[in-house]
2 protein chains.
Amino acid sequence: MRGFERELITNWRRLCLPTDNAAIVVAVSGGADSVSLLVAIDALKKQKKLDLRIVAAHYNHRLREEASDEDEAFVRGLCSDRKIELAVGHAAHRHNSNVEQAARNDRYTYLQETAVSVRAFAVATGHTMDDQAETFLLNLIRGSGVQGLAGMPPIRELGGDIQLIRPIMSWARRSATEGYCHEMGVDFRSDTMNVDEAFTRVRVRKILLPLLADFNPKIVERLAETARLLRQNLPPTAEIPPGPIALERLRSLSESELASGVRGWLIANRGDLRNIEAKHIDAVCRLVNSRKSGKTVELPGFGRVTKGGGKLAFSENNIEKTPSEN
Amino acid sequence: MRGFERELITNWRRLCLPTDNAAIVVAVSGGADSVSLLVAIDALKKQKKLDLRIVAAHYNHRLREEASDEDEAFVRGLCSDRKIELAVGHAAHRHNSNVEQAARNDRYTYLQETAVSVRAFAVATGHTMDDQAETFLLNLIRGSGVQGLAGMPPIRELGGDIQLIRPIMSWARRSATEGYCHEMGVDFRSDTMNVDEAFTRVRVRKILLPLLADFNPKIVERLAETARLLRQNLPPTAEIPPGPIALERLRSLSESELASGVRGWLIANRGDLRNIEAKHIDAVCRLVNSRKSGKTVELPGFGRVTKGGGKLAFSENNIEKTPSEN
């Protein structure tokens, strides 16, 4: 068994994920991260360490014309060569604004629906420790508060009883995914742009992280570990379901419960907290506590929160991106 | 009243610090940060907003030959011009290793003793929001865990019933301290190197922070705010007094209580957690929980923890600094 596969199965067991009698959807963009995950899960199946139905899923977001179609063709070839089931989804339409945000939401919706249709317990993504470190820094720069610094959890609810799992995030550097692909003689698309990757993330990767590595060569590991420690120390979240919520209920919460509850409620309604800073959460909390009605908080990037009729409601909108996200 | 003074008195009240019938020691290096603090406190006294005995304290650490003496002469001149009481201490000897650490400890000891001798309730330092942001980044780079990221508290126990207070840290940028000095026509020493300022800190200030400001011009404010939010979310600390401590007592603590207890105990014995990473705290926790006796954990920079006779003991040492601290 190769080192990458050993690490993967070790982490799989540590996360208490099923090893048989289950199906899993593996999100594959065509980049080394997701290709290495797919190939390693497939290798573990051939070694009888995992007895799972594996379904690769590729979402062609059609954001980059030819390159998007080449990504799709590459993933089709990879899965056909290795006899791995593949589901491919295509973006139905183009969005005028918030392209990345919308494409990302569409992709997750597609992945979730695919998982439901094949009765998979989870969608696995190839997020690496580098992605986690970049997410940490992006949220730190943005000032997104403790919740944002806690980074991406290794497992979270995707909706509809499907989990989103990141089985290589806690141990694999991006370079290790490339190394494993080389070892296995598997090609990957090096210019695959993940739809999540805004310009700021690329600058974090290409400029900020190398500078931080001058200070500490283990910076990626340190940042990922910091996110993990912060996740352990997160204040308890008051779980609030999506949809309009009675102000009375929110007003019964303590200050820190309200803040974390509002975060959870926004995630449930909006999909995530991208671009949301501590001050926006504060603004929603003030909306809850102030006695004037009919007020609105515009969220940066996407969505607004409106108070009225004794309730707080979330609605989508399409305001332009804020300069901070560029 | 000038803006800087208004901010200072507002923060003074917010921190519930005494405004009369008390003495305060103001640590003055000669730099704009500490000079602005001293001058503003003095101005508030003249405006009858504060009715305190003000004692400036300067510690000549003798690390930089002539420049150190020039700093001292400058502070003497400033206090004499303004008729402010001044206490000056001099380093008695040079240290072979850990110069900064030792000089820093000596300086705090001197400040504390001065405060005791004039019956001051506190020593005030001129740490700014920039210092807090730099401390946050240094601890982030070092991987010092949640406690380190919580940064410097605005008030902490210095020992002997004396508080260490940082009344401008939560609102003043370094540039604002220089601006106030200019407004007041007060000179300051621009090349005053605080003994705390290791090479890494200077690189954080001159290279890393400007790059981060390209991402977010408000980065210093965001980092200081992040530290404040993390401070609010710190896990409860089991308070353990300095000196040898029974293993039995430590073993009765929960895992997170033990970790925070060990941190607190190390601070009590060592003065601070400089250079200490999460892995060192973990190593001490393992020492507590393992059943083998006579083991030692060497701490980076300064100090060691030894187990023996059913107790955990801290002792000073003089090992060389670790490469991570340059």
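Residues numbered from 1 in each chain as written. Chains lettered and ligands numbered in written order. Predicted model: local features only at pLDDT ≥ 70, side-chain atom pairs only at ≥ 80, totals over all residues. Heavy atoms only, no water.

### Focus: the overall build of chain A
Counting its secondary structure elements, chain A contains 12 helices and 10 strands. Taken across its 326 residues, chain A has 55% of its residues classed as buried. Of the contacts made within chain A by residues no fewer than 6 positions apart, 71% connect residues no fewer than 24 positions apart. Accessible area for chain A stands at about 14,400 Å²; split by element, carbon and sulfur atoms hold 48% of it. (Helix = DSSP H or I, 4+ residues; strand = E, 2+ residues; numbered from the N terminus. Buried < 20%, exposed > 50% of the residue type's maximum accessible area, 1.4 Å probe, protein only. Contact = heavy atoms within 4.5 Å. Areas by Shrake-Rupley, 256 points an atom, 1.4 Å probe, with all protein chains shown as cover.)

### Observations concerning the nonpolar core
With 48 residues, the main nonpolar core has Phe136(A), Leu137(A), Leu208(A), Phe136(B), Leu137(B) and Leu208(B) as its most contacted residues. Those elements giving two or more residues to this core turn out to be α5 (129–142), α6 (145–149), α8 (199–215) and α9 (219–232) of chain A together with α5 (129–142), α6 (145–149), α8 (199–215) and α9 (219–232) of chain B. (Core = buried A, V, L, I, M, F, W, Y, C linked by side-chain atoms within 4.5 Å.)

### Considering the pattern of salt bridges
By the definition in use, this model includes 32 salt bridges over all chains. The shortest N-O distance in the salt bridge between Glu134(B) and Arg174(B) comes to 3.1 Å. With Glu134(B) in helix α5 and Arg174(B) in helix α7 (residues 174–183), this pair connects stretches of sequence that are 40 residues apart. For Arg174(B), a relative accessible area of 13% puts it in the buried group. Between Arg228(B) and Glu225(B) there is a salt bridge, and its shortest N-O distance comes to 3.0 Å. Taken together, the positions of Arg228(B) and Glu225(B), both in helix α9 and 3 residues apart, correspond to about one turn of that helix. When its relative accessible area of 34% is taken as the criterion, Arg228(B) is described as partly exposed. Among the charged side chains, a salt-bridge network with shared partners connects Asp33(A), Asp131(A), Glu134(A), Arg174(A), Arg201(A) and Arg205(A). (Salt bridge = Lys/Arg side-chain N within 4 Å of Asp/Glu carboxyl O.)

### So, the pairing of strand β9 (residues 304–308) of chain A
All names here are of chain A. Burial along β9 is one-sided: the face carrying Val305 and Lys307 is buried and the face carrying Arg304, Thr306 and Gly308 is not. Examined bridge by bridge, strand β8 (residues 296–298) and β9 share 3 bridges and lie antiparallel to one another. Of the residues in β9, the one forming a bridge with Glu298 is Arg304. The antiparallel hairpin formed by β8 and β9 contains 5 residues in its connecting segment, where Gly301 sits at a positive phi of about 85°. (Pairing = 2+ DSSP bridges.)

### A closer look at α9(A)
Compared with the 20 Å implied by 1.5 Å per residue over 14 residues, the 20 Å span of α9(A) between its first and last C-alpha is a close match. Along α9(A), the positions that sit buried rather than exposed are Ile219(A), Val220(A), Leu223(A), Ala224(A), Thr226(A), Ala227(A), Leu229(A) and Leu230(A). (Expected span 1.5 Å × (residues − 1).)

### Describing the relation of the copies chain B and chain A
Of the transformation placing chain B onto chain A, the axial shift is 0.1 Å and the rotation is 180°, giving an RMSD of 0.1 Å. Each copy turns onto its partner about a two-fold axis. Most of the interface of chain B is mirrored in chain A: 100% of its interface residues are interface residues there too. (Least-squares fit on C-alpha atoms with pLDDT ≥ 70 in both.)

### A closer look at the interface of chain B and chain A
Contacts between the two partners involve 27 residues from chain B, matched on the other side by 27 residues from chain A. Together chain B and chain A conceal approximately 2,400 Å² of surface at their shared face, both sides included; 77% is due to carbon and sulfur atoms. Between the two partners, chain B and chain A, sit 0 salt bridges. Connecting chain B to chain A are 2 residue pairs in polar contact (both at pLDDT 80 or more). For the side of chain B that touches chain A, the secondary-structure elements that each account for two or more residues are α5, α6, α8 and α9 of chain B. For the side of chain B that touches chain A, the leading source of residues is α8(B), giving 9 residues. Residue classes in the side of chain B that touches chain A are distributed as 17 nonpolar, 6 polar and 4 charged. (Buried area = accessible area lost by both parts, 1.4 Å probe. Polar contact = N/O pair within 3.5 Å; in protein donor to acceptor, adjacent residues only side chain to side chain. Nonpolar A, V, L, I, M, F, W, Y, C, P; charged D, E, K, R; others polar.)

### Describing the side chain of Ser144(A)
On the secondary structure map, Ser144(A) appears in the loop between α5 and α6. If sequence neighbours within four positions are ignored, Ser144(A) has contacts with Asn139(A), Leu149(A), Arg263(A), Ile276(A), Glu277(A) and Ala278(A).

### Topic: the packing of aromatic side chains
Within this structure, the stated rule accounts for 8 aromatic pairs over all chains. Geometrically, the ring pair formed by Phe4(A) and Tyr180(A) is stacked, given 4.5 Å between the ring centres and 15° between the ring planes. Note that Phe4(A) is positioned in helix α1 (residues 3–14) and Tyr180(A) in helix α7 (residues 174–183), a separation of 176 residues in sequence. By the burial criterion, Phe4(A) is buried, and Tyr180(A) matches it. Ring geometry for Phe302(A) and Phe314(A): centres 6.3 Å apart, planes at 70°, overall edge-to-face. Taken together, the residues span a long stretch of sequence, with Phe302(A) in the loop between β8 and β9 and Phe314(A) in strand β10 (residues 311–315) at a distance of 12 residues. No difference in accessibility class separates Phe302(A) from Phe314(A), as the two residues are buried. In this structure an aromatic cluster arises from ring pairing among Phe4(A), Trp171(A) and Tyr180(A). Positioned over the ring face of Tyr108(B) is Arg156(B), at 5.9 Å from the centre of the ring. Above the face of the Phe215(A) ring, Arg203(B) is positioned so that its terminal group lies 4.3 Å from the ring centre. (Phe/Tyr/Trp six-rings, centres within 6.5 Å; stacked < 30°, edge-to-face > 60°. Lys NZ or Arg CZ within 6 Å of the ring centre and 35° of its normal.)

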